[in-house]
Amino acid sequence: NIPILLERKNFIIKTADSTEELEMALRLRHQVFLEELLHKKKRSGKDTDRFDKQCDHLMIIDKRNNLLIGTYRLQSSLHTKRFYSATEFRMKHIKHLPGNKLELGRACVHPDYRNGVTIALLWEGINAYIEASQSSYLFGCSSIKTMDKNEIHEIYQYLRQNGHLMDNVKVRPRTKFRVPGLKRRLKIQPHYSLDDGRHHKEMIPSLLNSYLKSGAVVCGRPALEDRKSTRLNYSHVSQ
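Since we're looking at a predicted model, the values are computed, not measured. (Residues numbered from 1 in each chain as written. Predicted model: local features only at pLDDT ≥ 70, side-chain atom pairs only at ≥ 80, totals over all residues. Heavy atoms only, no water.)

Focus on empty space enclosed by the protein
- Scanning the model with the defined rule gives one cavity of 30 Å³ or more in all.
- Taken as a whole, the largest cavity spans an internal volume of roughly 60 Å³.
- Looking at the largest cavity, the residues that line it are Ile-144, Thr-146, Ile-152, Ile-155, Tyr-156, Leu-159, Pro-222, Thr-230 and Leu-232.
- Here the element with the most residues in the lining of the largest cavity is helix α4 (residues 149-161); it accounts for four residues. (1 Å grid on protein atoms, 1.4 Å probe; cavity = no way out; pocket = protein on both sides within 12 Å on 5 of 7 lines; lining within 4 Å. Points joined across faces, edges and corners; volume = space filled by probe spheres on them. Helix = DSSP H or I, 4+ residues; strand = E, 2+ residues; numbered from the N terminus.)

Remarks on the packing of aromatic side chains
- Applying the stated criterion across every chain yields a total of three aromatic pairs.
- Taking the centre distance of 5.2 Å and the plane angle of 75° together, the rings of Phe-83 and Phe-139 count as edge-to-face. Residue Phe-83 is found in the loop between β4 (67-76) and β5 (89-90), and its partner Phe-139 is found in strand β7 (residues 135-144); the two are separated by 56 residues along the sequence.
- By relative accessible area, which is 1% here, Phe-139 ends up buried.
- For the ring pair Trp-123 and Tyr-211, a centre distance of 6.1 Å and an interplane angle of 80° mean the geometry is edge-to-face. On the criterion of sequence distance, the pair formed by Trp-123 in helix α3 (residues 116-133) and Tyr-211 in helix α7 (residues 206-213) is long-range, its members being 88 residues apart.
- What makes Tyr-211 buried here is its relative accessible area of 3%.
- For the cation-ring pair, Arg-106 lies above Tyr-84, with the distance from its terminal atom to the ring centre recorded as 5.3 Å. (Phe/Tyr/Trp six-rings, centres within 6.5 Å; stacked < 30°, edge-to-face > 60°. Buried < 20%, exposed > 50% of the residue type's maximum accessible area, 1.4 Å probe, protein only. Lys NZ or Arg CZ within 6 Å of the ring centre and 35° of its normal.)

Below, the structure is given as structure tokens:
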């Protein structure tokens with residue numbers, strides 16, 4: 001949908017523009033999401049879903065060995081009204097925000113390149129895409145590796161107490177993804193006090209933490225996935 005092509009010393013930042021490049025991204029996702037995180041494999045060796053064909057796929061390629069080292073899936077409201085996040089969350093309030101919206105997802109980095117350089121290159125590509133699409137808001141889902149209901153409640157309260165929650169956007173998990181008992185517990189303990197927030201701070205993944213540091217906010221209650229993790233929907237105003 002939107003071509004991006006930048007060169008930075010040993011690296012190329014671009015959006016996939018061929019079937020072969022798209023498959024490179026899908027194979028890296030399979031390596032990271034399925035093999036590394038879930039210890040599963042698909043016969044195809046690719047991580048795919050029904051949204052891939054309508055999205056742009058940001059790629060960071062090491063020119064020295066033609067290796068794909070990082071990828072992000074980018075889905076602009078310029079090109080669709082159907083978003084992956086909406087499969088887990090009711091998010092009409094985000095859809096109705098003014099201006100163009102950009103969903104970020106499927107972020108992954110090759111295990112040999114997990115460093116600040118690769119992250120900076122990915123964000124440079126995202127920034128170029130934001131400018132090209134004139135996006136006003138970024139949003140997406142981010143996972144926290146826990147299924148424990150007490151930990152979910154405490155992490156949610158930690159985010160609230162540290163100013164990372166903006167509940168007036170009213171993003172809510174769809175029925176089958178709701179955390180059992182969480183809504184009731186939040187009503188009973190609206191001002192829950194954490195004895196020590198260090199444990200909960202350590203449970204925030206680096207990717208979500210980078211979003212929060214850049215100004216993103218969590219937009220409502222979490223969703224409970226079936227992949228050994230809890231999902232939060234975040235939004236970020238693009239400057």
